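What follows is each chain in one-letter form.
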Amino acid sequence: MHCTRKIRDNLIWVGADDRRLACFEGVYGVPDGVSYNSYLLLDEKTVLFDAVDKAVFEVFFENVAYALSGRKLDYLLISHMEPDHAATIESLLLRYPEARIICNAKEKAMLSQFFLTDFSDRIDLVKEGDVFSSGKHKLTFFMAPMVHWPEVMMTYDKTDKTLFTADAFGTFGALNGRLFNDETDFFVENIGEARRYYTNIVGKYGPQVQAALKKVSALEITTVCPLHGFVWRSHFGDYLEKYMQWSTYTPEEQSVMLAYASVYGHTENAANILAAKLAERGVRVRMYDTSVTPASYIVSDAFRCSHLVFAATTYNAGVFVTMENLLHDLAAHNLQKRKVAIIENGSWAPTSGKVMRELIAPMKNIEFLGENITLKSALAEGQENALTALADVIAEEINPKPVLTESIPAAAPAAEAILDVDSGAFHKFTYGVQVLTTCVDGKDYGCIINSAGQAASGDPKKVTISVIKKNYTADMVAKAGKFNISILTEEAPFDLFKCFGFQSGRDVDKFAGKTWTERTANGIRYIPEYTNAVLSCEVISMEDLDTSVLFVANVVEAKVLSKAPSCTYAYYHAHIKPKKNPAPEQKEAWVCQVCGYVYEGSDLPNDYICPLCKHGKEDFEHIIPAVKKKQKGYVCTICGHFEPCEGELPADYTCPLCKHGREDFEPAEQ
Ligand code: FEO
């Protein structure tokens, strides 16, 4: 009996789940199963996007016949020739002898390799950028080599703004009746299997994934149809951000993946002690016994975590076999950009540390944390200190202590007599808006400021910046002693302000998933888009301004990036920052849940696209304000946060979102 799902009236999912597969590709356990997706487009011509694995052929053929509803199949479009999608192609084409094949030259070659039947007279070859019309729908083809085989291609249906992505954006796990990403709590329930799928299936091919993402980045996309897992029809940007991190080998989190191989438990004991010390220092540890946990799970978390610790016993004058296999696996998947510590054990001739280093060293951008810690059979008296020292080093990197209080002179005593100060007067200044960036121990930091200005001409020229002390970047600038200022233009999107202004570098890597990687000569990143100049500066003095710290710096490099006008603070408020509140009261509105843009009115057209973030109507919340008493409070002029308050805000109040102080709030009612 058929089992299909409708994506739209003209696009039907005709794939199937497989929960009996023990090992995907013969290697990766799939305890939650896997889905093989196939899609049927019902246009003037019918087009089937890919076939399925032979394990689910029966229901697949029933699905195709049911969805065709008596029509003939005109085309089979092949995105990928791996047999989990292509094994049933020959049977399909024999069942539908009139169907033609849309494929590229590499796929054509593989068709003749996999199947004895000669289909060459039924093939319509396509190449990069070709457009095929099935009637109302115009399909454009994008080659995506090595995502995950060389012949892979993606297809964009311009008519319905749907991207068929082959293996990209797939996940392990059966669909279990669900089809759309919004029918599951994806980032809670499925992200682990999505990460394990990506890292193990295409993790090796990060640059090729980046190239494919770049090709489709300019497309307007409302629906993403991968060959495994969920169809994305909302919030795709969240998943895309994960792909940007994974494909650039950027850790998702500042944490430790600790894998150990232990025969009699002594290496495990040392690993446990280290894990406890890390946990005591506030470091999150994800820990695995390589003899118990399949490598695919450990590879997945190695892509996730910033720091890796490998502990293993010596075995046959080398390293224990499960650890050796794991390290080969990590190297094969091209893992890079990690900090690594090693613990070795050996009762008479410990060699596992040396072998582990040799296996890890060829990986790109790996930094070893100190020398190997060597156990002779078991952790010896006094050797716990070495684990403590390692825990301290890792903890300091992941949660560095603030340095501001130690490195700047104390603030001058408050003036004795301050007359009436109208904070409105400060709003009469004209401020520009900039991104301040710096780099400490290889980690990049940045935040939005509106305080940069030239303080002195001459040689070298001098600038000042004032940064809120609670802002983590202030701490990092003090530590680094150098920074860059990227001057934003009026074209800067709100997302850029959100990224660098509304979250803390303590919690997230603000550069994760960015498509640009440019640095100035001082090694610090800058913002090459939506900016018109960048200045590289070296701190020459710091002054404590109570809530902020003033940095005075020499300019050591400066370059103009564009002629676009600089963004002023006033321009940001007037034209970039979304109007957050559907005020005035009683007005009906639709609020974009992605970027906060407000569309005033009771009816939002079905085809409405958010002018800021380009999300569709499904991402808007319909606000019908209840009649209620206005609440008094203060609104942050920086980020829009409203703080209910009947009286005065406390003198030491800081915005919970952007960390600006009371002086940046103004009275408001909501
Ligand atoms: Fe799902 Fe590369 O096949």
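Small disclaimer: the values here were computed from a predicted structure and weren't measured.

The rules we used
Per-chain numbering applies: the sequence of each chain, read as written, is numbered from 1 onward. For a predicted model such as this one, the threshold for reporting local features is a pLDDT of at least 70, and the threshold for listing and counting side-chain atom pairs is 80 or more; totals across whole chains, interfaces and linings nevertheless cover every residue. To obtain the side-chain values, all non-hydrogen atoms of the structure were included, while hydrogens and water were left out. Labels follow the DSSP assignment, with helices taken as runs of H or I lasting at least four residues and strands as runs of E lasting at least two, numbered in each case from the N terminus. Only the C-alpha atoms count toward the radius of gyration. The rule for a globule is 2.2 Å times the residue count to the power 0.38. Three exposure classes are used, based on accessible area relative to the maximum for each residue type with a 1.4 Å probe and protein chains only: buried under 20%, partly exposed in between, and exposed over 50%. Contacts between residues were defined by any pair of non-hydrogen atoms, one from each residue, lying within 4.5 Å. Each accessible area is a Shrake-Rupley result for a 1.4 Å probe, and residues are judged covered by the shown protein chains and nothing else. Only four residue types enter the charge count, namely Lys and Arg as positive and Asp and Glu as negative; His and the chain termini do not. Just so you know, the charge point we use is NZ for Lys, CZ for Arg, CG for Asp and CD for Glu. Two strands qualify as a pair provided DSSP detects at least 2 bridges between them. Geometry is summarised by axes, namely lines fitted to C-alpha atoms with helices restricted to the contacting stretch, and by angles between N-to-C directions that run from 0 to 180 degrees. Only one rule defines a salt bridge in this text: a Lys or Arg side-chain nitrogen within 4 Å of an Asp or Glu carboxyl oxygen. Polar contacts here mean pairs of N or O atoms no more than 3.5 Å apart (in protein, one a potential hydrogen donor and the other a potential acceptor; neighbouring residues in sequence count only if both atoms are side-chain atoms). Note on aromatic pairs: the rings of Phe, Tyr and Trp (six-membered ring only in Trp) are paired at centre separations within 6.5 Å, and the planes decide the class, stacked below 30 degrees, edge-to-face beyond 60, tilted for the rest.

**Looking at the overall build of the protein**
Now for step 1: Secondary structure assignment for the protein yields 16 helices and 36 strands.
Now for step 2: Over its C-alpha atoms the protein spans a radius of gyration of 29 Å, differing by no more than 12% from the 26 Å that the globule rule assigns to 670 residues.
Now for step 3: The principal-axis extent of the C-alpha atoms belonging to the protein is close to 95 × 80 × 50 Å.
Now for step 4: Classification of the 670 residues of the protein by burial places 51% in the buried group.
Now for step 5: Considering only contacts within the protein whose residues lie at least 6 apart along the sequence, 69% involve residues at least 24 apart.
Now for step 6: Accessible surface, the protein as shown: approximately 30,400 Å² in total, 53% of it carbon and sulfur.
Now for step 7: Computed over 68 positive and 87 negative side-chain charges, the inter-centroid distance for the protein is 3 Å.

**Things to note about the sheet that holds strand β29 (residues 531-545)**
Hydrogen bonds between backbone groups are what pair the strands of a sheet, and the pairing can be parallel or antiparallel.
Now for step 1: Here seven strands make up an open sheet; going across it, the order is β25-β24-β28-β29-β30-β27-β26 and the pairing antiparallel. At either end of the open sheet lies a strand with only one pairing partner, and these are β25 (443-449) and β26 (453-456). In this sheet, neighbouring strand axes are inclined to one another by 35° on average, regardless of whether the strands run parallel or antiparallel.
Now for step 2: For strand β27 (residues 462-468) and strand β30 (residues 548-560), the ladder comprises seven bridges, and the chain directions are antiparallel. Within β30, the residue paired with Lys462 across the bridge is Asn554.

**Re the sheet that holds strand β32 (residues 598-600)**
Now for step 1: In spatial order, the strands read β32-β31-β33; together these three strands make up an open sheet with antiparallel pairing. Only two strands of the sheet have a single partner each, and these edge strands are β32 and β33 (620-623). Adjacent strand axes in the sheet meet at a mean angle of 20° when their direction is disregarded.
Now for step 2: As judged from the four bridges shared by strand β31 (residues 589-592) and β33, these two strands associate in the antiparallel manner. Looking at the pairing, Trp590 lines up with His622 of β33.

**What to know about the environment of Ala380**
Now for step 1: Within the secondary structure, Ala380 sits in the loop between β23 (373-375) and α12 (384-398).
Now for step 2: For Ala380, a relative accessible area of 43% corresponds to the partly exposed category.
Now for step 3: Residues Ala380 and Thr547 lie 167 residues apart in sequence; the distance between their C-alpha atoms is 49 Å.

**Examining the side chain of Arg338**
Now for step 1: Relative to the assigned elements, Arg338 resides in strand β21 (residues 338-345).
Now for step 2: As a buried residue without a salt bridge, Arg338 has its nearest oppositely charged side chain in Glu252, at a separation of 7.3 Å.
Now for step 3: Side-chain polar atoms of Arg338 contact the backbone oxygen of Phe303, separated by 2.6 Å.
Now for step 4: In this view, Arg338 contacts Tyr249, Thr250, Pro251, Ala302, Phe303, Arg304, Cys305, Ser306, Leu308, Asn365, Ile366 and Glu367; residues no more than four positions away in its chain are not counted.

**Some thoughts on the packing of aromatic side chains**
Now for step 1: Throughout the structure, instances matching the rule amount to 36 aromatic pairs.
Now for step 2: Both rings, one in Tyr239 and one in Tyr243, keep their centres 5.4 Å apart while their planes meet at 80°; by these two values the pair is edge-to-face. Of this pair, Tyr239 and Tyr243 both sit in helix α7 (residues 236-247), separated by four residues, roughly a single helical turn. By the burial criterion, Tyr239 is buried, and Tyr243 matches it.
Now for step 3: Ring pairs connect the aromatic residues Phe169, Phe186, Phe187, Tyr198, Phe230, Trp232, Phe236, Tyr239, Tyr243 and Trp246, which therefore count as one cluster.

The analysis is restricted to geometry; functional conclusions fall outside its scope.
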